[in-house]
Amino acid sequence: MKKRRKRASGAVSQWLIVLIVGALVVLASGLWYLFRGTDAGERVAIESRLVELAAERGVDAAAIAADDPIRKMDGIFVRTWRFEFPNRAARDGFLGDLELENVARNTKLAIANDLSSEVVRLRLILETEAFDLHLGLAAVTPGVPPTAAPPTPKPGPTPRPRPAPDARGRLAILLDDAGQKLDFVPAAAALPREVGFAILPFLPKSAESAEVLYGAGHEIWLHLPMEPENYPANNPGPGAILMSMSTNELRAAVHAAIDNIPHAVGVNNHMGSKVTANLKTMTWIMQEIKARGMAFIDSRTTIRTVAEDAAVGLGVPVNRRHVFLDNERDRAAIRRQLEEAVRRCRLEGEIIAIGHVDPVTIEVLAEELPGISKRGADLVRPSALVR
């Protein structure tokens, strides 16, 4: 009888131990899930909130492209979300909503470009990830055509937008390809000090050109050679960034080129239609430019360029070329392009025009720039127009 009682007591003790251990496991799992789920829940809430705020402004789910793409930069995941708003008023309202949400969540909201742009880019930064938000406008749906076809109008030129009579804008001019020789440098140095100069590295007079132009009060930029689509038939020159380079080779090449041009405040690309279309390569380049505290102006030698996206993703001050002054090395053509730059800066507010250190270009600018303010354009240094 005593043996039976001992056996029963032992069995009860074993079951009691199993129950206690099981309860501890369940409790530990619950605590782990609770604490683990905090960040994920917050992330889902932010995503849901973005969709909800957009919906309140007339944006349905089909007009939102989430996580297009996701990339990792500086140890955090950057998630790109694209929105199409029915109109500017809806987009402006969404921006106001984001400001309130930013304050409520104690996050960081950075606007990357002008709010009047066709696509407004901004970044919402959390502790472990960031959202690149691209706020665009939906294309206007054409109306239903009338039953009876109207008379065919006579073809004519499309009227160009005209700035208001009293409109003013800021115009920056950057002249490329200095460094080969000093023949035109004295005349270039005599141009208004707001004109900047981009100098090719590792040429016979690269450093000397930079010193002379800087001494005359001009802003100096590195005109960084980059591989074009038709390389090697079209060679960008010494010190070029090539797609075949390893990461370390590329980083060393960027730093060597910067060191070769004294006083440079920023970089713009020489050629580079192949390199500037590759986001990975441009991200590596922008990392080195950021490390040196410099800006970037995209010469836009290809419509496929992603240079601005790479710069914005890393917080590098950036802008783009809007007008080429001297694709035609002809006085009348250069004057027409300069007038186009003036018109656009008055219409759009800010414009960067790029030309070359060429005798014809320098002569035209020497004649035209002294009176350009009277035409509604305020001449500024290129660095004044990077954001």
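Structure report, in brief. The structure presented is a predicted model; accordingly, all values stated were derived computationally and were not measured.

### Let's talk about the packing of helix α8 (residues 331-348) against helix α9 (residues 359-368)
Orientation of α8 relative to α9, taken along the N-to-C sense of each, is 55°, at an axis distance of 10 Å. Taken together, α8 and α9 sit at an angle that is classed as oblique. For the pair α8 and α9, the crossing hand works out as right-handed. Residue-level contacts link R331, I334, R335 and L338 of α8 to V360, T361, E363, V364, L365, E367 and E368 of α9.

### A few points about helix α5 (residues 247-260)
Compared with an ideal rise of 1.5 Å per residue, which puts 14 residues at 20 Å, α5 spans 20 Å between its outermost C-alpha atoms and is within 8% of the ideal. For α5, the full list of buried residues reads L250, A253, V254, A257 and I258. When α5 is viewed along its axis, its buried side chains cluster within an angular range of 130° and face the same direction. The outward face of α5, more than 90 degrees from its buried face, is lined by the exposed residues N248 and D259. In this fold, the buried residues of α5 make contact with β9 (220-226) and α6 (279-291).

### Notes on helix α2 (residues 88-105)
The end-to-end C-alpha separation of α2 is 25 Å, in line with the 26 Å expected for 18 residues at 1.5 Å each. Those residues of α2 that sit buried are A90, R91, G93, F94, L95, D97, L98, E101 and N102. At the N-terminal end of α2, a side-chain oxygen is found 3.2 Å from the backbone nitrogen of A89, two or three residues along, and the residue is N87. Downstream of α2 by a residue or two, N106 has a phi angle that is positive, lying close to 60°.

### Focus: the nonpolar core
Judged by nonpolar contacts, the single largest core of 56 residues is most densely connected at L171, I173, M282, I285, M286 and F296. Ignoring sequence-local partners within four residues, the contact set of M282 consists of M226, V275, T276, F296, A307 and A310. Counting residues in hydrophobic clusters, the runner-up holds 22 residues, among them I46, L50, A54 and L109.

### Description of the pairing of strand β5 (residues 120-125)
Two faces, one strand: in a regular strand the side chains alternate between the faces of the sheet. Of the pairings in the sheet, the one linking strand β4 (residues 108-111) to β5 comprises four bridges and is antiparallel in character. Bridge assignment links I111 to a residue of β5, and that residue is L122. Pairing of β5 with strand β6 (residues 129-137), which is carried by six bridges, proceeds in the antiparallel orientation. Bridge pairing in β6 places L124 opposite F131. Connecting β5 to the next strand, β6, in antiparallel fashion are three residues.

Calculation criteria
Residues numbered from 1 in each chain as written. Predicted model: local features only at pLDDT ≥ 70, side-chain atom pairs only at ≥ 80, totals over all residues. Heavy atoms only, no water. Axes fitted to C-alpha atoms, helices over the stretch in contact; angles between N-to-C directions. Helix = DSSP H or I, 4+ residues; strand = E, 2+ residues; numbered from the N terminus. Parallel < 35°, antiparallel > 145°, perpendicular 65-115°, else oblique. Left-handed = near helix turned anticlockwise from the far one by under 90°. Contact = heavy atoms within 4.5 Å. Expected span 1.5 Å × (residues − 1). Buried < 20%, exposed > 50% of the residue type's maximum accessible area, 1.4 Å probe, protein only. Arc of directions from axis to C-beta. Polar contact = N/O pair within 3.5 Å; in protein donor to acceptor, adjacent residues only side chain to side chain. Core = buried A, V, L, I, M, F, W, Y, C linked by side-chain atoms within 4.5 Å. Pairing = 2+ DSSP bridges.

Any functional reading would require information beyond the geometric quantities listed.
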